[in-house]
Amino acid sequence: DAGVIQSPRHEVTEMGQEVTLRCKPISGHDYLFWYRQTMMRGLELLIYFNNNVPIDDSGMPEDRFSAKMPNASFSTLKIQPSEPRDSAVYFCASGWTGNETQYFGPGTRLLVL
Amino acid sequence: QQQVKQSPQSLIVQKGGIPIINCAYENTAFDYFPWYQQFPGKGPALLIAIRPDVSEKKEGRFTISFNKSAKQFSLHIMDSQPGDSATYFCAASFSGNTPLVFGKGTRLSVIA
């Protein structure tokens with residue numbers, strides 16, 4: 001299995017631009033988590049899905065952030081408009097019911113200038 | 001409010017030494033306590049995990065010690081190697097497939 005796939009791996013954009021991060025979970029997994037990693041705040045949950053349905057989005061910073069999971073094999077995290085404080089590494093992780101292990105992707109390093 | 005506190009922030013040990021990383025949690029409803037290992041440029045990967053009904057778990061050179069009454073748990077790495085140099089995160093979650101609450105991480109360097 002290829003593991004969790006994230007794209008792009010690196011993104012540099014200017015303040016005010018729209019950013020879309022993509023994630024392909026491991027086949028057969030029914031849970032998908034989006035985390036953000038910064039030096040100041042560490043790893044924090046943004047949102048998670050079960051069977052493509054958002055369960056908890058309380059970690060989403062504000063209305064500029066949105067996430068979707070249109071099917072079991074694809075999820076997006078969108079930031080519109082982006083701001084310099086959104087600069088971070090964004091991780092997607094997946095798992096399956098009955099096993100608490102979360103499998104992380106390689107992350108997307110976002111820099112907003 | 002930081003629900004999982006991790007220490008130290010960084011740690012340097014000689015090859016063969018036994019680094020110990022400590023974590024404390026606040027919410028007694030947490031039911032699952034994993035440790036994740038992260039190498040530069042990579043995502044975290046599960047190393048070992050424990051539940052509160054067990055006081056110790058060992059997998060290879062890695063051991064978790066768990067003290068439920070003190071709400072603390074720790075990771076010990078026996079016979080540490082330079083390849084163990086990475087950032088280690090403790091975490092906690094509720095039962096079921098719930099989100100992980102992470103500690104801030106410990107950067108470990110094992111020098112030859």
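An account of the accompanying structure is given in this report.

Calculation criteria
- Residues numbered from 1 in each chain as written.
- Chains lettered and ligands numbered in written order.
- Predicted model: local features only at pLDDT ≥ 70, side-chain atom pairs only at ≥ 80, totals over all residues.
- Heavy atoms only, no water.
- Helix = DSSP H or I, 4+ residues; strand = E, 2+ residues; numbered from the N terminus.
- Rg over C-alpha atoms; globule rule 2.2 N^0.38 Å.
- Buried < 20%, exposed > 50% of the residue type's maximum accessible area, 1.4 Å probe, protein only.
- Contact = heavy atoms within 4.5 Å.
- Lys, Arg positive; Asp, Glu negative; His and termini not counted.
- Charge placed at Lys NZ, Arg CZ, Asp CG, Glu CD.
- Pairing = 2+ DSSP bridges.
- Axes fitted to C-alpha atoms, helices over the stretch in contact; angles between N-to-C directions.
- Salt bridge = Lys/Arg side-chain N within 4 Å of Asp/Glu carboxyl O.
- Disulfide = S-S within 2.5 Å.
- Buried area = accessible area lost by both parts, 1.4 Å probe.
- Polar contact = N/O pair within 3.5 Å; in protein donor to acceptor, adjacent residues only side chain to side chain.
- Nonpolar A, V, L, I, M, F, W, Y, C, P; charged D, E, K, R; others polar.
- Phe/Tyr/Trp six-rings, centres within 6.5 Å; stacked < 30°, edge-to-face > 60°.

### Here's the deal with the overall build of chain B
Link 1 in the chain: When helices and strands are counted, chain B shows 0 helices and 11 strands.
Link 2 in the chain: Along chain B, helices and strands appear, N-terminal first, in the series β-β-β-β-β-β-β-β-β-β-β.
Link 3 in the chain: A compact globule built from 112 residues would reach a C-alpha radius of gyration of about 13 Å, and chain B, at 13 Å, matches this within 12%.
Link 4 in the chain: Expressed as lengths along the three principal axes of its C-alpha atoms, the size of chain B is roughly 40 × 30 × 20 Å.
Link 5 in the chain: A total of 112 residues make up chain B; the buried ones form 46% of that total.
Link 6 in the chain: In chain B, once contacts between residues fewer than 6 apart in sequence are set aside, the share between residues at least 24 apart is 53%.
Link 7 in the chain: For chain B, the centre of its 11 positive side-chain charges and the centre of its 7 negative side-chain charges are spaced 6 Å apart.

### A look at the sheet that holds strand β7 (residues 65-71) of chain A
Residue and element names in this part refer to chain A.
Link 1 in the chain: Strands sit in the order β1-β3-β8-β7 across an open sheet of 4 strands; the sheet is antiparallel. The open sheet has two edge strands with one neighbour each: β1 (5-7) and β7. Averaged over all pairs of adjacent strands, the angle between their axes in this sheet comes to 15 degrees, without regard to strand direction.
Link 2 in the chain: Sheet analysis places β1 next to strand β3 (residues 19-24), joined by 3 bridges and oriented antiparallel. Counted as the bridge partner of I5 is K24 from β3.

### Quick look at the pattern of salt bridges
Residue and element names in this part refer to chain A.
Link 1 in the chain: Enumeration over the complete set of coordinates arrives at 11 salt bridges over all chains.
Link 2 in the chain: The salt bridge partner of K78 is E18, with a shortest N-O separation of 3.9 Å. One end of the pair, K78, is in strand β8 (residues 74-79); the other, E18, is in the loop between β2 (10-13) and β3, and 60 residues separate them in sequence.
Link 3 in the chain: Classification of K78 as partly exposed rests on a relative accessible area of 31%.
Link 4 in the chain: Given the relative accessible area of 44%, E18 is considered partly exposed.
Link 5 in the chain: Among the salt bridges present, the one from R64 reaches E62, with a minimum N-O distance of 2.8 Å.
Link 6 in the chain: Given the relative accessible area of 28%, E62 is considered partly exposed.
Link 7 in the chain: Here the salt bridges do not stand alone but share partners, grouping E62, R64, E83, R85 and D86 into one network.

### Here we look at the state of the cysteines
Residues and elements named next belong to chain A.
Link 1 in the chain: Evaluation of the coordinates by the stated rule reveals 2 disulfides over all chains.
Link 2 in the chain: The disulfide bridge from C23 ends at C92, spanning 1.8 Å between sulfur atoms. What sets the handedness of the C23 and C92 disulfide is the S-S torsion sign, and at about -60 degrees it is left-handed. Here C92 lies in strand β9 (residues 88-96) and C23 lies in strand β3, a separation of 69 residues in the sequence.

### Some details on the interface of chain B and chain A
Link 1 in the chain: Listed per partner, the contact involves 19 residues of chain B and 22 residues of chain A.
Link 2 in the chain: Buried surface at the junction of chain B and chain A, summed over both partners, amounts to about 1600 Å²; 53% is from carbon and sulfur atoms.
Link 3 in the chain: At the junction of chain B and chain A, the tally comes to 1 salt bridge.
Link 4 in the chain: With a closest N to O distance of 2.2 Å, E100 of chain A and R51 of chain B form a salt bridge.
Link 5 in the chain: In this assembly, chain B and chain A are joined by 11 residue pairs in polar contact (both at pLDDT 80 or more).
Link 6 in the chain: For the side of chain B that touches chain A, the class distribution of residues is 9 nonpolar, 7 polar and 3 charged.

### Things to note about the sheet that holds strand β6 (residues 56-59) of chain B
Residues and elements named next belong to chain B.
Link 1 in the chain: Strand order in this open sheet of 5 strands is β1-β3-β8-β7-β6, and the pairing throughout is antiparallel. If you trace the sheet from one side to the other, it starts and ends with β1 (4-7) and β6, each paired once. This sheet shows a mean twist of 15 degrees between the axes of neighbouring strands, independent of strand direction.

### Let's talk about the packing of aromatic side chains
Link 1 in the chain: If you walk through the whole model with that rule in mind, you get 20 aromatic pairs over all chains.
Link 2 in the chain: When the centroid spacing of 6.1 Å and the interplanar angle of 15 degrees are considered together, the rings of W96 of chain A and Y103 of chain A count as stacked.
Link 3 in the chain: The class of W96 of chain A is partly exposed, set by a relative accessible area of 32%.
Link 4 in the chain: Classification of Y103 of chain A as partly exposed rests on a relative accessible area of 33%.
Link 5 in the chain: One aromatic cluster in this structure is built from Y31, F33, Y35, Y48, F91 and F104 of chain A together with Y36, F89 and F102 of chain B.

Structural measurements only, silent on function.
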